[in-house]
Amino acid sequence: AVVIQMLPAAEKLILKLELMGEGSCSRWHQDNYTARAIISYNGCGTQFVQHDNVDFWELENCGNNDCIIRDASKVFSANPIDILFMKGKLFPSDVNGLVHKSPEKRYHPNGNIMTRLLLKVDVP
């Protein structure tokens, strides 16, 4: 209901239930969607930063996570079961495109990666 109120022109929603492991988005980025709601049911949640903590030239040209974020102590993280609603690059406002990434990969004692169960609701 909140998505419909914020984006009344949205024609569809895309629902995805994913197991995220090796293929996680470990680089800081912005989504090419209008918006996304994401919930991590286990493990760490999505990490995100405010725009004033981002070097946008580095984000768009460098690719090195260490260069993109100005102050690592100002990185926020959603908790498991939190609903994180992110504006994408296509969100119809002046401020859009939350800069975010998957949390660092975690491993079981036997070396296997710990997967996260994610629910994503995208507004294309």
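Reading the values: rules and limits
Residues numbered from 1 in each chain as written. Predicted model: local features only at pLDDT ≥ 70, side-chain atom pairs only at ≥ 80, totals over all residues. Heavy atoms only, no water. Helix = DSSP H or I, 4+ residues; strand = E, 2+ residues; numbered from the N terminus. Buried < 20%, exposed > 50% of the residue type's maximum accessible area, 1.4 Å probe, protein only. Contact = heavy atoms within 4.5 Å. Pairing = 2+ DSSP bridges. Axes fitted to C-alpha atoms, helices over the stretch in contact; angles between N-to-C directions.

A.B. asks: How do you make sense of the environment of I14 when you look at a structure like this?
C.D. replies: Its location among the elements puts I14 in strand β1 (residues 14–20). Accessibility expressed as a relative area gives 27% for I14, which makes it partly exposed. Taking the C-alpha atoms as reference, I14 lies 22 Å from T115; in sequence the two are 101 residues apart. Beyond its immediate sequence surroundings of up to four residues, I14 is in contact with K120, V121, D122 and P124.

A.B. asks: Any chance you could explain the pairing of strand β7 (residues 116–123) here in plain terms?
C.D. replies: Within a regular strand, side chains alternate between the sheet's two faces. Examined bridge by bridge, β1 and β7 share seven bridges and lie antiparallel to one another. Looking across to β7, one finds that E18 is bridged to L118. As paired strands, strand β2 (residues 35–40) and β7 are joined by six bridges and run antiparallel to one another. The partner of S40 across the bridge, within β7, is L118.

A.B. asks: Teacher, can you tell me more about the sheet that holds strand β6 (residues 99–101) here?
C.D. replies: Backbone-to-backbone hydrogen bonds join strands into a sheet, with any given pair of strands oriented parallel or antiparallel. The strand order across the open sheet formed by three strands is β4-β3-β6, and the pairing between neighbours is antiparallel. The open sheet has two edge strands with one neighbour each: β4 (76–77) and β6. Pairing of strand β3 (residues 47–49) with β4, which is carried by two bridges, proceeds in the antiparallel orientation. Note on β4: the bridge partner recorded for F48 is F76.

A.B. asks: When you look at the sheet that holds β1 in this model, what are you seeing that I'm missing?
C.D. replies: As summarised here, the arrangement of the four strands in space is β1-β7-β2-β5, forming an open sheet in which the pairing is antiparallel. Taken across any chain shown, the strands that pair with only one partner, and hence form the sheet edges, are β1 and β5 (84–87). Adjacent strand axes in the sheet meet at a mean angle of 20°, parallel and antiparallel pairs treated alike.

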